[in-house]
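What follows is each chain in one-letter form.
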Amino acid sequence: MPGQRSAVVVTHRKLATTGTEVKEVVEQLRDNGFDVSIVDNLEAPPFAVSEVQEFDPETEIVVVLGGDGTILRAAELVKGTDVPIVGINMGHVGFLAEFESFQTRDAIAKIAARDYTIDERVIAWVDVWLPGADEPLHEWALNDVTLERADRGKMVELSISVDDVEMSSFGCDGVIVSTPTGSTAYAFSAGGPIIWPNVDALQLVPLAAHALFARPLVIGSKSTFTLGISEDSASEGWICCDGRRQRAVPRGSRIIVKQSPNSLRLARLMGVPFTSRLVSKFDLPVQGWRESNKNRGADVHDGGTAGRANGKM
């Protein structure tokens, strides 16, 4: 049909087959004039293997029903296109999601009216140079790249360079290289800082490093991390991008991580600042303990005064 609007709904198979939410969203999209297809295969593609697009790059929008993991799956589909993603959280934290499950009707109304802005998110570009290789393996990540020990009982010996200048080397459980989007995920759990998504940067967070200097590092958009696995490392390495695409990495390998010239487009329907999202999703204690104690003391004092006054009446 000429001028037909198209949308792709990405979800996981269990939700698509057992819940009513997917059916309701698809019906609402169709009622608003969209031709809708569903992708419910969340299986990760092999490491460094480009996946054939499962949808037309002329698709207007991808609607994700699930948690952050489902959004990362959707990112694999739209990579290399300008198609935006909007997430409706059906999981737990759902940090990347724009709406919660009870807000689907409002979300679809805004999508139909094209009432949204586009949030460009940094993507990390990854080159994996295996020993003796003439060409690197190419990968990417929206959230993070982890290089960890392959042997759970041993450490992996890594060297860390920034812009080809060696900075440190240590035995460790591994390191995380995170984008600003991924700074609220694994990197945050490992003690890294939260980076606002409009900052062009990458961070590196060591995991249980046996070293005196093993602090998180943040580099700018023109800089590059190089991670080397020592030839005499007790363990080989294991690399994983976005918790999905992964493989073993032998001793003597080098992993280069830098900011990609491309970005991923997230549709923002509510205009809520990242700071508000941070406070809400993490349920941050906006009021400090000192102020809380002071207010509690005032409440006790006021209550006591009132009691004494009532006793005199």
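In short, a report on the structure.

Thresholds applied
- Residues numbered from 1 in each chain as written.
- Predicted model: local features only at pLDDT ≥ 70, side-chain atom pairs only at ≥ 80, totals over all residues.
- Heavy atoms only, no water.
- Helix = DSSP H or I, 4+ residues; strand = E, 2+ residues; numbered from the N terminus.
- Buried < 20%, exposed > 50% of the residue type's maximum accessible area, 1.4 Å probe, protein only.
- Areas by Shrake-Rupley, 256 points an atom, 1.4 Å probe, with all protein chains shown as cover.
- Contact = heavy atoms within 4.5 Å.
- Salt bridge = Lys/Arg side-chain N within 4 Å of Asp/Glu carboxyl O.
- Pairing = 2+ DSSP bridges.
- Axes fitted to C-alpha atoms, helices over the stretch in contact; angles between N-to-C directions.
- Parallel < 35°, antiparallel > 145°, perpendicular 65-115°, else oblique.
- Left-handed = near helix turned anticlockwise from the far one by under 90°.
- Nonpolar A, V, L, I, M, F, W, Y, C, P; charged D, E, K, R; others polar.
- Arc of directions from axis to C-beta.
- Phe/Tyr/Trp six-rings, centres within 6.5 Å; stacked < 30°, edge-to-face > 60°.
- Polar contact = N/O pair within 3.5 Å; in protein donor to acceptor, adjacent residues only side chain to side chain.

**Brief notes about the overall build of the protein**
Within the protein, the secondary structure is distributed over seven helices and 17 strands. Counting over 313 residues, the protein shows a buried share of 45%. Of the accessible surface of the protein, which amounts to about 15900 Å², a share of 51% is contributed by carbon and sulfur atoms.

**Observations regarding the environment of F47**
Note on placement: F47 falls in the loop between β2 (34–39) and β3 (61–66). Given the relative accessible area of 9%, F47 is considered buried. Separated by 199 residues in sequence, F47 and Q246 have C-alpha atoms that sit 5.3 Å apart. Ignoring sequence-local partners within four residues, the contact set of F47 consists of V128, L137, E139, I239, C241, R245, Q246 and R247.

**So, the pattern of salt bridges**
One pass over the structure, following the stated rule, counts 18 salt bridges. Among the salt bridges present, the one from R268 reaches E98, with a minimum N-O distance of 2.5 Å. Here E98 lies in the loop between β4 (85–89) and β5 (99–100) and R268 lies in strand β17 (residues 254–268), a separation of 170 residues in the sequence. For R268, a relative accessible area of 10% translates into the label buried. Taking relative accessible area as the criterion, E98 reaches 3% and is therefore assigned buried.

**Some thoughts on the sheet that holds strand β11 (residues 174–178)**
Backbone-to-backbone hydrogen bonds pair the strands of a sheet. The strands run either parallel or antiparallel. Across the sheet, which stays open at both edges, the six strands sit in the order β13-β12-β11-β8-β15-β16 with antiparallel pairing between neighbours. Lying at the two open borders of the sheet, with one neighbouring strand each, are β13 (217–220) and β16 (245–249). Sheet twist, expressed as the average angle between the axes of neighbouring strands with direction ignored, equals 15°. Sheet analysis places strand β8 (residues 144–149) next to β11, joined by five bridges and oriented antiparallel. When the sheet's bridge partners are listed, T146 is paired in β11 with I176.

**As for the packing of helix α2 (residues 21–31) against helix α4 (residues 104–112)**
Helices that pack against each other are described as a pair by the angle of their axes relative to one another and the distance between those axes. At a minimum axis distance of 10 Å, the contact between α2 and α4 shows a crossing angle of 30°. With respect to each other, α2 and α4 are oriented roughly parallel. Where α2 crosses over α4, the handedness of that crossing is right-handed. The segment α2 lies against α4, with V25, Q28 and L29 engaging T104, R105 and I108. Taken together, the residues of the contact of α2 with α4 sort by class into three nonpolar, two polar and one charged.

**Concerning α4**
All of the buried residues in α4 are T104, A107, I108, I111 and A112. Along the axis of α4, the buried residues cluster in a sector spanning 130°; they form a single face. In this fold, the buried residues of α4 make contact with β1 (5–10), α2, β2, β3, β4 and β5. Once α4 finishes, R114 follows within two positions and takes phi at roughly 55°, a positive value.

**So, the packing of aromatic side chains**
Inspection of every chain in the model, using the stated rule, returns two aromatic pairs. Relative to F274, the ring of W196 lies with its centre 5.0 Å away and its plane at 75°, an arrangement referred to as edge-to-face. In this pair, W196 is assigned in the loop between α5 (186–189) and β12 (201–207) and F274 in helix α6 (residues 274–282), connecting sequence segments 78 residues apart. Classification of W196 as partly exposed rests on a relative accessible area of 34%.

**Let's talk about the pairing of strand β10 (residues 165–172)**
Note that strand β9 (residues 156–162) and β10 share seven bridges and pair antiparallel. Bridging from a neighbouring strand, S161 pairs with E166 of β10. Connecting β9 to the antiparallel partner β10 that follows it, the hairpin turn spans two residues, and D163 within it adopts a positive phi of roughly 55°.

**Things to note about the side chain of R277**
When you line up the elements, R277 lands in helix α6. A polar atom in the side chain of R277 sits 2.8 Å from the backbone oxygen of A97. Among the polar contacts made by the side chain of R277, one reaches the side chain of E98 at a distance of 3.0 Å. Those residues in contact with R277 that lie beyond four places of it in its chain are F95, A97, E98, R268 and V272.

**Some points on the pairing of β17**
By the bridge criterion, twelve bridges tie strand β6 (residues 117–129) to β17 in an arrangement that is antiparallel. Residue A124 lies in a different strand from β17, and its bridge partner there is Q259. In the sheet, strand β14 (residues 224–229) pairs with β17 via five bridges, with the strands oriented antiparallel. Bridge pairing in β17 links T224 to K258.

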